[in-house]
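# Analysis of the macromolecular model
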Amino acid sequence: MLQLVNVGQKSLADYASLATRGLMEEIRRLAEPLRGKRVVHLSATAFGGGVAEINYALIPLMADAGLDVEWRIIKGADEFFGVTKTIHNALQGDERGLTEAQKEIFRRYNAENAEEFEDDYDFVLVHDPQPAFMVDYFSGSRARWIWRCHIDLSTPNSDLIDFLGPSLERYDAAIFHRREYVPDEIRLQEAFIWPPAIDPLTPKNMALSADDAAYVVDQFGIHIDRPLLTQISRFDPWKDPLGVIDAYRIVREQHPDVQLALVGSMAHDDPEGWDFYNRTVAHADGDPGIFILSNLNNIGSVEVNAFQVHSAAVLQKSIKEGFGLTVTEALWKARPTIGGRAGGIVDQIQAGQTGWLVDSSEEAAAACLEIMADPAAAGLRGRAGKEYVRQRFLMTRLLRDWLALFNRLEGNDTGETALVTAGTASS
Ligand code: UDP
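The following refers to the structure shown. (Residues numbered from 1 in each chain as written. Predicted model: local features only at pLDDT ≥ 70, side-chain atom pairs only at ≥ 80, totals over all residues. Heavy atoms only, no water.)

## Observations regarding the side chain of Arg148
Applicable threshold: A run of H or I in DSSP counts as a helix once it spans at least four residues, and a run of E counts as a strand once it spans at least two, with each numbered from the N terminus. Partly exposed describes any residue whose relative accessible area lies between the buried limit of under 20% and the exposed limit of over 50%, with all areas from a 1.4 Å probe on protein chains only and scaled to the type maximum. A residue counts as positive if it is Lys or Arg and as negative if it is Asp or Glu; His and the chain ends are not included. One side-chain nitrogen of Lys or Arg within 4 Å of one carboxyl oxygen of Asp or Glu is enough to make a salt bridge. Under this definition, polar contacts are N or O atom pairs within 3.5 Å; protein pairs additionally need one hydrogen-donor-capable and one acceptor-capable atom, and for neighbouring residues in sequence, both atoms have to be side-chain atoms. Working rule for contacts: check all heavy atoms of both residues, and any pair within 4.5 Å makes them a contact.
Following the sequence through the fold, Arg148 ends up in strand 5 (residues 144–148). For the buried residue Arg148, which engages in no salt bridge, the nearest side chain bearing the opposite charge is Asp401, 7.1 Å off. Within the structure, the side chain of Arg148 is placed 2.9 Å from the backbone oxygen of Trp194, a separation counted as a polar contact. Discounting chain neighbours no more than four positions away, the residues touching Arg148 are Val126, His127, Asp128, Ile175, Phe176, His177, Trp194, Pro195, Pro196 and Trp402.

## Quick word on the side chain of His41
Mapped onto the elements of the fold, His41 is located in strand 2 (residues 38–43). The exposure class of His41 is buried, given its relative accessible area of 0%. A polar side-chain atom of His41 sits 2.9 Å from a polar atom in the side chain of His127. Residues in contact with His41, not counting those within four places in the same chain, are Asn55, Leu58, Ile59, Met62, Val69, Glu70, Trp71, Arg72, Leu125 and His127.

## Let's talk about the pattern of salt bridges
All chains considered together, the criterion is met by 29 salt bridges. The residue Arg400 makes a salt bridge to Glu26 at a minimum N-O spacing of 3.3 Å. One end of the pair, Arg400, is in helix 14 (residues 395–410); the other, Glu26, is in helix 1 (residues 21–31), and 374 residues separate them in sequence. By relative accessible area, which is 17% here, Arg400 ends up buried.

## Overview of the site of the ligand
Formally: One heavy atom within 4 Å of a molecule or strand makes the whole residue count as near it. In this description, accessible areas are obtained by the Shrake-Rupley approach with a 1.4 Å probe, and a residue is regarded as covered only by the protein chains that are shown.
If you check the shell around the ligand, you find 16 residues, and the closest are Lys204, Arg234, Lys239, Ser265 and Glu329. Here an oxygen atom of the ligand sits 2.8 Å away from a polar atom, N or O, in the main chain of Gly50. Take Leu325: an N or O atom from its main chain is 2.9 Å from an oxygen atom of the ligand. Burial of the ligand by the protein chains amounts to 88% of its free accessible area of 540 Å².

## What to know about the sheet that holds strand 13 (residues 356–358)
Strand pairing within a sheet occurs via backbone hydrogen bonds; the two strands may be parallel or antiparallel. Using the following cut-off: The pairing criterion for strands is at least two bridges between them, as found by DSSP. For helices, the axis comes from a line fit to the C-alpha atoms of the stretch in contact; other axes are also lines fit to C-alpha atoms, and the angle between any two N-to-C directions lies between 0 and 180 degrees.
Pairing is parallel across the open sheet formed by 6 strands, whose spatial order is 10-9-8-11-12-13. In this open sheet, the two edge strands, each paired with only one partner strand, are strand 10 (290–293) and strand 13. Across the sheet, the mean angle from the axis of one strand to that of its neighbour is 20°, orientation sign disregarded. As paired elements, strand 8 (residues 228–232) and strand 11 (residues 313–316) share 3 bridges and run parallel to each other.

## A closer look at the pairing of strand 3 (residues 68–73)
So the rule is basically this: For the handedness criterion, the strands are oriented away from the viewer, and a crossover whose path from the first strand over the helix to the second runs clockwise is classed as right-handed.
Counting buried residues in strand 3 gives 5 out of 6 residues, a clear majority hidden from the surface. The sheet contact formed by strand 1 (residues 3–4) and strand 3 spans 2 bridges and is antiparallel. Its bridge partner lying in strand 3, Gln3 is registered against Ile73. By the bridge criterion, 6 bridges tie strand 2 to strand 3 in an arrangement that is parallel. What sits directly across from Val40, in strand 3, is Glu70. Once you follow strand 2 into helix 2 (residues 50–64) and on to strand 3, the crossover reads as right-handed.

## Brief notes about helix 4 (residues 100–115)
For clarity, the cut-off: Each helix should span, by expectation, one fewer than its residue count multiplied by 1.5 Å. By definition, the arc is the one covered by directions from the helix axis to the C-beta atoms.
For helix 4, built from 16 residues, the straight-helix expectation of 22 Å at 1.5 Å per residue is met to within 8% by its first-to-last C-alpha distance of 23 Å. Within the sequence span of helix 4, burial applies to Gln102, Lys103, Ile105, Phe106, Tyr109, Asn110, Asn113 and Ala114. With its buried residues spanning 165° around the axis, helix 4 presents them on a single face. Relative to its buried face, helix 4 has exposed residues pointing more than 90 degrees away, namely Glu100, Ala101 and Glu115.

## Some remarks on unusual backbone geometry
Even without glycine at this site, Asp240 takes up a positive phi of about 55°. Relative to the helices and strands, Asp240 resides in the loop between strand 8 and helix 7 (241–254). Notably, Asp285 is not glycine yet its phi reads approximately 55°, a positive angle. Here Asp285 shows up in the loop between helix 8 (272–284) and strand 10.

## So, helix 1
Working note: α-helix, 3.6 residues per turn, so residues spaced by three or four point in the same direction. Regarding helix 1, the residues found buried are Leu23, Met24, Glu26, Ile27, Leu30 and Ala31. Burial along helix 1 is one-sided: seen end-on, the buried residues are contained in an arc of 160°. Exposed side chains of helix 1 directed beyond 90 degrees from the buried face belong to Arg21 and Arg28. Where helix 1 is buried, its residues meet helix 14.

See the structure below:
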């Protein structure tokens, strides 16, 4: 049996003051015909990164809505995660594809995981490429199989599309963050577009006072009376922490007291993480104004919250980005937020309105300087960002989308609830 993740419990009623009454009613209406349906989420890790972040909130809410829902983690070892990281990078545009030996490793681990999986569900939700081939072993399944893609697929390496395509075509539905990510070469049965979301009531996103935030960051050696810039992200080249350090150095020329925090967790399925962590430390070159922190320094959700709340500006200078939940989190805290012009960040930061979009370290530095020169004007953009997130990127909306899809796949009438589709193989 694949390992179960304990997600704890949440109550939808607690979200009533955050979501509109209409949305809460829509959720109840859509949940009614699905009562007792068995749902399983399959993913590669329960720790680190956006998928884990979403599932810890979404799954207990699905359960509270009446579904019988589980989350199981596939088995893997370094050789497998080395391959899946290559797949991830190639899907985001890296030229390096898979060798025959790597393909074999990927197939073997998927076959082994399929053997451990008991196919006794109404819906099987497969997150990202790691477990994507498991569907091949269940051609007679009574379940609807859904592939949820969380990565930027706008310029994929075509070898990978050829490799994954035949399996992805077996899924009853596939979901992408953006229309641009739907791979037209693959004849998906049906593709849907919706962005992910954050949970406003988790320790990471709940209201934290400025004093409490200062109290927490102080414990990590941050000088709370000096300005702080922060990027929260895995140590990954696509997140460009080295470019953030370059931006900080430009800012420091005018503000010698500025500090930079690079906060990044080490995901279990990311063997490249350590290598890139070491490169980031080397690039910081012992600068006492740069704080490189991770879960190994006891950074958890509340600490991430505190760093976001306390920062003069939050950066997410990604070069490629599936969606960028760190941007959503910063905007929800009404922080002035600077994002790389990439993927889902562009859907969240309306340049000049809800934040700053940048294409280089120089532009990131210029945005930081603008924010530090006029914090009141920057704060207005931060507040606009919070409203933008409230309307679009909170967990209740994501729950609604999933319930609507389940109903649609069951052939139930979804009433007024619309889903955005990207067409079907036959259209
Ligand atoms: N995160 C965290 N601690 C860290 C780094 C990241 O809790 O040290 C969280 C972050 O707050 C966000 C998620 O991991 O909720 C990252 O999601 P995102 O979509 O930004 O990127 P991904 O890692 O999925 O590429």
